[in-house]
Amino acid sequence: MQINKKTLNSIAKKLNIVSAAGRATLEQMLIGAPAGYNEESLTDYLVDQYKALIESCTSSAASLGATEYNKYREQQTGDISFQATPENQYDPEITEDIVRNQIAAACDKKDLGLLAESLGKNIDASVMHAYSGTHYKNAKRDPLKPRYARVPTSPTPCKFCLMLASQGFVYLSKETSI
């Protein structure tokens, strides 16, 4: 079964909405940053909030991934006996390390814009990873052992990547779908 461009664009749009909401929340967090911030005060202010934000965004993306998996599986097989589950692979320690490293870099350059951009890119990547990870983990446990599909990992995939993803579930393993 091929996945048409309209469907791929719809999925990309939904994931972009999740990322955009996360970026908007991040922007509000940074607006509320302590005046005259330094690395320590910014870290104290931002780490826990950002970890909660990433967990929320990746949970939304994983839920979307499970819903879409179920929809395409039913379309492809007509079988509704298996129900995909969201597989959020959020790791708070990794997220904290990312935030701390990005805060240190931004404070060295005295540039909150740099921090917003780097943490925003992390939101985008985390959303895409949660969505595709849900598909991967559910495919592994699905008794029908479905094939794999390419999933664009960029919020704005190129035409070639969209074409490859539109082929649908034609790959026999994760390795051949990459």
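In the block above lies the structure referred to throughout.
On a predicted model such as this, the values are computed, not experimentally measured, just so you know.

Colleague: Provide a residue-level description of helix 4 (residues 112-141), including the pertinent values.
Modeller: Between its first and last C-alpha atoms helix 4 spans 43 Å; for 30 residues at 1.5 Å apiece the expected length is 44 Å, and the two agree. Measuring from the side-chain oxygen of the N-cap residue of helix 4 to the backbone nitrogen of Gly113 gives 2.9 Å; that N-cap residue is Asp111.

Colleague: Hey, could you go over the environment of Asn4 for me, with residue numbers and the actual values?
Modeller: Mapped onto the elements of the fold, Asn4 is located in the segment before helix 1 (5-31). Here Asn4 falls in the partly exposed class, since its relative accessible area comes to 43%. The spatial distance from the C-alpha of Asn4 to the C-alpha of Val170 is 14 Å, given a sequence separation of 166 residues.

Colleague: How would you sum up the packing of aromatic side chains? Please name residues and give values.
Modeller: For the coordinates displayed, the defined rule picks out 1 aromatic pair. With a centroid separation of 6.1 Å and 65° between ring planes, the pair formed by Tyr69 and Phe82 is classed as edge-to-face. Placement of Tyr69 in helix 2 (residues 39-77) and of Phe82 in the loop between helix 2 and helix 3 (92-109) is noted, with a sequence separation of 13 residues between them. The residues Tyr69 and Phe82 share a single accessibility class, namely buried.

Colleague: With reference to specific residues and values, describe the pattern of salt bridges.
Modeller: Scanning the entire structure with this criterion turns up 9 salt bridges. Taking the shortest distance from any N to any O, the salt bridge between Lys14 and Glu68 comes out at 3.2 Å. Here Lys14 is found in helix 1, whereas its partner Glu68 is found in helix 2, with 54 residues between them in sequence. Residue Glu68 is classed as buried on the basis of its relative accessible area of 3%.

Colleague: Tell me about the packing of helix 3 against helix 4, and please be specific about residues and values.
Modeller: Contact geometry for helix 3 and helix 4: axes closest at 9 Å, N-to-C directions at 160°. When the interaxial angle is binned, helix 3 and helix 4 end up roughly antiparallel. In terms of crossing hand, the pair formed by helix 3 and helix 4 is right-handed. Judged by residue contacts, Ile98, Val99, Gln102, Ile103, Ala105, Ala106 and Lys109 of helix 3 engage Leu114, Leu115, Ser118, Leu119 and Asn122 from helix 4.

Colleague: Give a description of unusual backbone geometry that names residues and reports values.
Modeller: Not every positive phi belongs to a glycine, and Lys110 is a case in point at roughly 50°. Here Lys110 shows up in the loop between helix 3 and helix 4.

Colleague: Tell me about the nonpolar core, residues and numbers included.
Modeller: Counting 32 residues, the largest nonpolar core has Leu15, Leu26, Tyr50, Leu115 and Ile123 as its most contacted members. Residue assignment for this core shows that the elements contributing at least two residues are helix 1, helix 2, helix 3 and helix 4. Examining the composition of this core, we find that 11 residues originate from one element, helix 2, more than from any other. Leu15 has contacts with Ala61, Leu64, Val127, Met128 and Tyr131, leaving out every residue within four places of it along the chain. In terms of nonpolar packing, the next biggest core, distinct from the first, is built from 5 residues, Tyr69, Phe82, Ala84 and Ala139 among them.

Colleague: If you had to explain a negative patch on the surface to someone new, which residues and values would you point to?
Modeller: Taken together, the side chains of Glu39, Glu40, Asp44 and Asp108 define an acidic patch exposed on the protein surface. Among the elements that take part in the negative patch, helix 2 stands out by supplying 3 residues, more than any other. Glu39 gets classed as partly exposed once you look at its relative accessible area, which sits at 37%.

Colleague: Summarise the side chain of Thr134; cite the residues concerned and give the values.
Modeller: Considering the arrangement of structural elements, one finds Thr134 in helix 4. Its relative accessible area of 0% is what places Thr134 among the buried residues. Of the polar contacts made by the side chain of Thr134, one reaches the backbone nitrogen of Glu87; its length is 3.1 Å. Sequence-distant contacts of Thr134, that is, excluding residues within four places in its chain, are made with Ala62, Gly65, Ala66, Thr85, Pro86, Glu87 and Gln89.

Colleague: Please give an account of the environment of Gln49 that cites residues and values.
Modeller: Locating Gln49 in the fold gives a position in helix 2. For Gln49, a relative accessible area of 29% gives the class partly exposed. For the pair Gln49 and Gln75, spaced 26 residues apart in sequence, the C-alpha separation works out to 39 Å.

What counts and how
Residues numbered from 1 in each chain as written. Predicted model: local features only at pLDDT ≥ 70, side-chain atom pairs only at ≥ 80, totals over all residues. Heavy atoms only, no water. Helix = DSSP H or I, 4+ residues; strand = E, 2+ residues; numbered from the N terminus. Expected span 1.5 Å × (residues − 1). Polar contact = N/O pair within 3.5 Å; in protein donor to acceptor, adjacent residues only side chain to side chain. Buried < 20%, exposed > 50% of the residue type's maximum accessible area, 1.4 Å probe, protein only. Phe/Tyr/Trp six-rings, centres within 6.5 Å; stacked < 30°, edge-to-face > 60°. Salt bridge = Lys/Arg side-chain N within 4 Å of Asp/Glu carboxyl O. Axes fitted to C-alpha atoms, helices over the stretch in contact; angles between N-to-C directions. Parallel < 35°, antiparallel > 145°, perpendicular 65-115°, else oblique. Left-handed = near helix turned anticlockwise from the far one by under 90°. Contact = heavy atoms within 4.5 Å. Core = buried A, V, L, I, M, F, W, Y, C linked by side-chain atoms within 4.5 Å. Patch = residues over 30% accessible without salt bridge, like charges linked within 9 Å, V, L, I, M, F, W, Y side chains within 5 Å. Areas by Shrake-Rupley, 256 points an atom, 1.4 Å probe, with all protein chains shown as cover. Lys, Arg positive; Asp, Glu negative; His and termini not counted. Charge placed at Lys NZ, Arg CZ, Asp CG, Glu CD.

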